[in-house]
Amino acid sequence: MIRIDCPICGLRTETEFTYGADATVTRPAMDETATQPWVDYVFNRDNPRGWHLEYWHHVQGCRQWLVLERNTLTHEVGSCRLAREVDHEAS
Amino acid sequence: MTKYSALSVFLEGLRGNKSWSRAWRDPEPKAEYDVVIVGGGGHGLATAYYLAKEHGITNVAVVEKGWLGGGNTGRNTTIVRSNYMMPGNTLFYERSMKLWENLSQDLNFNVMISQRGQYNLCHSPGQMDAARRRGNVMRANGIDAELFDRAEVQQRLPYLDYSEHARFPIHGAIYQSRAGTARHDAVAWGFARGADQYGVDILQQREVTGYLYEGGKVVGVQTNKGDIKAGKVALCVAGHSGHLAQMAGLRLPIETHALQAFVTEPYKPLIDTVISFGAAHFYVSQSDKGGLVLGGDLDMYNSYAQRGGLPMVEHTLASAKALIPSLSRLKLLRHWAGVMDMSMDGSPFITKTPVDGLYLNGGWCYGGFKATPASGWCFAHTIAKDAPHEDNAEFTLDRFNRGYQIDEKGVGPQPNAH
């Protein structure tokens with residue numbers, strides 16, 4: 001059982017959360033007209049064997065979207081932050 | 001090499017079973033091969049077998065990091081069927097079904113194909129309509145499909161829950177009578193023995209760690225026990241395709257996810273067919289030893305761990321109990337997980353890659369076992385002719401660039417939803 005340290009609710013089990021998606025891909029600029037950047041964004045993934053940044057939704061808790069650092073080989077969990085703050089830092 | 005027959009079993013029995021020969025050799029690798037196949041599971045060994053048998057290419061090596069069939073070939077729930085309706089899938093899986101039907105004779109190895117039929121249950125009028133449409137597409141392509149109403153299903157499968165308390169009412173089922181199960185390990189062993197007889201070298205305990213290049217073209221593999229040169233390198237490593245493609249600088253439309261399966265204690269004959277629940281992701285059959293083989297849904301998060309989490313154990317067993325209440329007191333004997341190449345549209349890849357000299361077979365989601373013979377057959381054709389056969393022509397990487405996804409379930413680019 002994976003346990004996730006939600007910044008708002010504290011340590012909770014994975015059944016309260018829903019896995020969202022890979023949090024490392026960024027949408028191309030809306031005026032991007034080439035095909036490949038959009039294909040890379042929508043379909044292609046690094047799919048790492050090891051540490052992975054991913055979106056989780058605390059759907060049975062505070063309903064916040066989170067960015068979780070998790071190891072895909074060991075299921076070890078690293079940092080967990082609110083997605084809106086991570087996105088804010090990025091922009 | 002001994003040819004297996006009733007007579008050879010009888011004669012060996014008289015001799016105390018002392019003179020059987022090895023089923024395949026354990027050779028030292030040559031310095032160079034025409035084709036090196038990475039991955040000694042069913043798909044890789046089938047590819048080697050059909051390269052030799054159909055195309056006369058016998059200077060081939062299969063490189064396996066562990067032992068034969070130790071990956072997903074040995075971790076699936078052994079179901080074979082061909083009830084696909086999207087163009088690109090339908091005839092490919094039917095080719096596989098036809099190869100399964102004669103595989104034991106072709107390989108001279110009993111793969112224990114058992115065409116016991118498969119029911120896909122429907123739990124709403126909408127699902128019945130979808131099943132009718134699927135059945136019509138199958139029949140238009142010459143594949144057997146029958147639609148049964150609730151009364152017919154109740155007569156055929158009396159042990160399902162038809163009470164008014166059933167969590168999901170059963171409205172009917174779509175049935176493929178030629179579907180069934182096969183012995184998964186025997187498939188790997190049969191193809192290995194068949195390929196070996198044509199002179200293919202099977203190299204176990206040898207892990208690929210990188211590729212050899214000449215002017216941007218892949219010309220061999222680096223392994224933990226030395227380099228091997230090759231005219232062509234073919235990946236058959238579903239579950240780890242992303243990882244091995246990354247070594248060649250490729251990003252694939254694939255995420256790796258774990259899927260769990262279960263076997264119960266042996267039980268008297270109860271389920272003489274394959275049943276798929278339509279309300280949740282759950283399927284069940286009974287092995288010849290009596291254990292019920294149960295499968296469920298993905299754990300939903302990316303994983304290379306080959307082990308699953310407890311929430312999905314509960315989900316699978318709750319589904320089993322909801323569908324067949326009499327299973328409630330059976331004990332589980334074993335439980336395991338395999339890691340899947342979950343592709344972005346739920347369909348596989350059998351294709352050349354943008355890297356010259358590198359060929360890809362992967363993206364099987366959780367449907368790779370049934371595809372094993374046709375996958376090898378089509379991949380061998382693609383490698384030998386440098387062009388796909390018409391049955392795998394749609395399984396390219398660039399279908400995503402062209403907007404031609406083969407999305408059987410219609411859920412979009414969300415790998416864990418397929």
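A.B. asks: Is there a simple way to explain the overall build of chain A in this structure?
C.D. replies: Along the backbone of chain A there are 2 helices and 6 strands. Overall, chain A is about 45 × 25 × 20 Å in size when its C-alpha atoms are taken along their principal axes. Expressed as a percentage of its 91 residues, the buried residues of chain A come to 38%. Sequence-distant contacts, at least 24 apart, represent 41% of the contacts inside chain A between residues at least 6 apart.

A.B. asks: Would you take a moment to explain the overall build of chain B for this structure?
C.D. replies: When helices and strands are tallied, chain B shows 11 helices and 18 strands. A compact globule built from 418 residues would reach a C-alpha radius of gyration of about 22 Å, and chain B, at 22 Å, matches this within 12%. Summarising its shape, the C-alpha atoms of chain B cover approximately 70 × 65 × 40 Å along the three principal directions. Put simply, chain B has 418 residues, and 57% of those count as buried. Residue pairs in contact within chain B that sit at least 24 positions apart in sequence constitute 74% of those at least 6 positions apart. Accessible surface, chain B as shown: approximately 16,900 Å² in total, 51% of it carbon and sulfur.

A.B. asks: Would you explain the layout of surface pockets in this entry?
C.D. replies: Regions of empty space are outlined by a rolling probe, equal in size to a water molecule, passed over the atoms. Residue and element names in this part refer to chain B. Considered as a void within the structure, the second largest pocket measures approximately 530 Å³ in volume. What lines the second largest pocket is a set of 24 residues, and nearest its centre among them are His 184, Ser 287, Asp 288, Lys 289 and Val 293. At the level of secondary structure, the elements contributing two or more residues to the lining of the second largest pocket comprise α7 (184-197), β12 (254-264), β14 (282-286) and β16 (332-343). Counted by class, the lining of the second largest pocket contains 7 nonpolar, 11 polar and 6 charged residues.

A.B. asks: Just checking my understanding: could you explain the sheet that holds strand β4 (residues 51-57) of chain A for this structure?
C.D. replies: Sheet strands pair by backbone hydrogen bonding; their relative direction is either parallel or antiparallel. Residue and element names in this part refer to chain A. Pairing within the open sheet is antiparallel, and its 4 strands lie in the order β3-β4-β5-β6. Both outer strands of the open sheet, β3 (18-22) and β6 (77-82), are each paired with one neighbouring strand and no more. Neighbour to neighbour, the strand axes of the sheet diverge by 30° on average, direction disregarded.

A.B. asks: Can you help me understand the pattern of salt bridges in this one?
C.D. replies: Two side chains bearing opposite charge may form a pair once their charged atoms approach each other closely. Residue and element names in this part refer to chain B. Within the structure shown, the criterion is met by 23 salt bridges over all chains. Put simply, Lys 53 and Glu 54 hold a salt bridge, and the shortest N to O gap is 3.6 Å. Between Arg 178 and Glu 94 there is a salt bridge, with its nearest N and O atoms 2.9 Å apart. Of this pair, Arg 178 sits in the loop between β6 (172-176) and β7 (180-181) while Glu 94 is found in helix α3 (residues 90-101), placing the two residues 84 residues apart along the sequence. There is no split in this pair, since Arg 178 and Glu 94 are both buried. Taken together, the shared-partner salt bridges connect Glu 94, Glu 101, Asp 144 and Arg 178 into one network.

A.B. asks: Mind showing me how you'd approach empty space enclosed by the protein here?
C.D. replies: Enumeration over the complete set of coordinates arrives at 3 cavities of 30 Å³ or more. For the largest cavity, the calculated volume is near 50 Å³. Taken together, the residues of the lining of the largest cavity sort by class into 6 nonpolar, no polar and 2 charged. Of the volumes computed, that of the second largest cavity is approximately 40 Å³. Around the second largest cavity, the lining residues are Arg45(A), Asp46(A), Asn47(A), Gly242(B), Gln246(B), Leu250(B), Arg251(B), Leu252(B) and Ile254(B). A breakdown of the residues in the lining of the second largest cavity according to their chemical character gives 3 nonpolar, 3 polar and 3 charged.

A.B. asks: It is not clear to me how the pairing of strand β15 (residues 292-302) of chain B should be interpreted in this structure. Could you clarify?
C.D. replies: Along any regular strand, the residues point their side chains to alternate faces of the sheet. Residues and elements named next belong to chain B. Among the 11 residues in β15, 10 count as buried, and that is most of the element. Note that β12 and β15 share 5 bridges and pair antiparallel. Counterpart to Leu 259 in the pairing with β15 is Leu 298. As judged from the 4 bridges shared by β14 and β15, these two strands associate in the antiparallel manner. When the bridges of β15 are listed, Gln 286 appears paired with Leu 292. Between the end of β14 and the start of β15, which pair antiparallel, lie 5 residues, with Gly 290 showing a positive phi angle near 105°.

A.B. asks: In this structure, what is going on with the environment of Val411(B)? I would like to understand it.
C.D. replies: All names here are of chain B. By secondary structure assignment, the location of Val 411 is in the segment after α11 (399-402). The exposure class of Val 411 is partly exposed, given its relative accessible area of 35%. Separated by 66 residues in sequence, Val 411 and Asp 345 have C-alpha atoms that sit 7.9 Å apart.

A.B. asks: Help me out: how do you make sense of the packing of aromatic side chains in this one?
C.D. replies: Two numbers describe a pair of aromatic rings. These are the distance of the centres and the angle of the planes. In the structure shown here, the tally under the stated rule is 22 aromatic pairs over all chains. When the ring of Tyr55(A) is compared with that of Trp65(A), the centres are 6.5 Å apart and the planes differ by 90°; the resulting orientation is edge-to-face. Of this pair, Tyr55(A) sits in strand β4 while Trp65(A) is found in strand β5 (residues 65-71), placing the two residues 10 residues apart along the sequence. A relative accessible area of 42% places Trp65(A) in the partly exposed class. Taking the centre distance of 5.1 Å and the plane angle of 75° together, the rings of Tyr49(B) and Tyr50(B) count as edge-to-face. Residue classification places Tyr50(B) among the buried residues on the basis of a relative accessible area of 1%. Members of the aromatic cluster, connected to one another through ring pairs, are Tyr84(B), Phe92(B), Tyr93(B), Trp364(B) and Phe395(B). Here the guanidinium or amino end of Arg95(B) rests over the ring plane of Trp377(B), the centre of that ring lying 3.9 Å away.

A.B. asks: Teacher, can you tell me more about the side chain of Thr273(B) here?
C.D. replies: Residue and element names in this part refer to chain B. Looking at the secondary structure, you find Thr 273 in the loop between β12 and β13 (274-277). Under the relative-accessibility criterion, Thr 273 is labelled buried at 2%. At 3.2 Å, the side chain of Thr 273 forms a polar contact with the backbone oxygen of Arg 116. Filtering out sequence-adjacent residues up to four positions away, Thr 273 remains in contact with Arg 116, Gly 117, Gln 118, Tyr 119, Leu 157, Tyr 159, Tyr 175, Val 284 and Ser 285.

A.B. asks: Quick question: what am I supposed to make of the sheet that holds β12(B) here?
C.D. replies: Residues and elements named next belong to chain B. The sheet built from 8 strands is open, its strands ordered β5-β6-β4-β13-β14-β15-β12-β16 with mixed pairing. Edge positions in the sheet fall to β5 (146-149) and β16, since each of these pairs with one other strand and no more. Strand-to-strand twist across the sheet, computed as the mean angle between neighbouring axes with direction ignored, equals 25°. Alignment of strand β4 (residues 118-122) against β6, held across 5 bridges, turns out to be antiparallel. Bridging from a neighbouring strand, Leu 121 pairs with Ala 173 of β6. Where helix α5 (residues 125-140) meets the sheet, it contacts β4, β5 and β6, and its direction lies at approximately 20° from that of β6. Contacts from helix α9 (residues 310-323) reach β4, β12, β13, β14, β15 and β16 within the one sheet, and its direction differs from that of β15 by about 140°.

Quick notes on the rules
Residues numbered from 1 in each chain as written. Chains lettered and ligands numbered in written order. Predicted model: local features only at pLDDT ≥ 70, side-chain atom pairs only at ≥ 80, totals over all residues. Heavy atoms only, no water. Helix = DSSP H or I, 4+ residues; strand = E, 2+ residues; numbered from the N terminus. Buried < 20%, exposed > 50% of the residue type's maximum accessible area, 1.4 Å probe, protein only. Contact = heavy atoms within 4.5 Å. Rg over C-alpha atoms; globule rule 2.2 N^0.38 Å. Areas by Shrake-Rupley, 256 points an atom, 1.4 Å probe, with all protein chains shown as cover. 1 Å grid on protein atoms, 1.4 Å probe; cavity = no way out; pocket = protein on both sides within 12 Å on 5 of 7 lines; lining within 4 Å. Points joined across faces, edges and corners; volume = space filled by probe spheres on them. Nonpolar A, V, L, I, M, F, W, Y, C, P; charged D, E, K, R; others polar. Pairing = 2+ DSSP bridges. Axes fitted to C-alpha atoms, helices over the stretch in contact; angles between N-to-C directions. Salt bridge = Lys/Arg side-chain N within 4 Å of Asp/Glu carboxyl O. Phe/Tyr/Trp six-rings, centres within 6.5 Å; stacked < 30°, edge-to-face > 60°. Lys NZ or Arg CZ within 6 Å of the ring centre and 35° of its normal. Polar contact = N/O pair within 3.5 Å; in protein donor to acceptor, adjacent residues only side chain to side chain.

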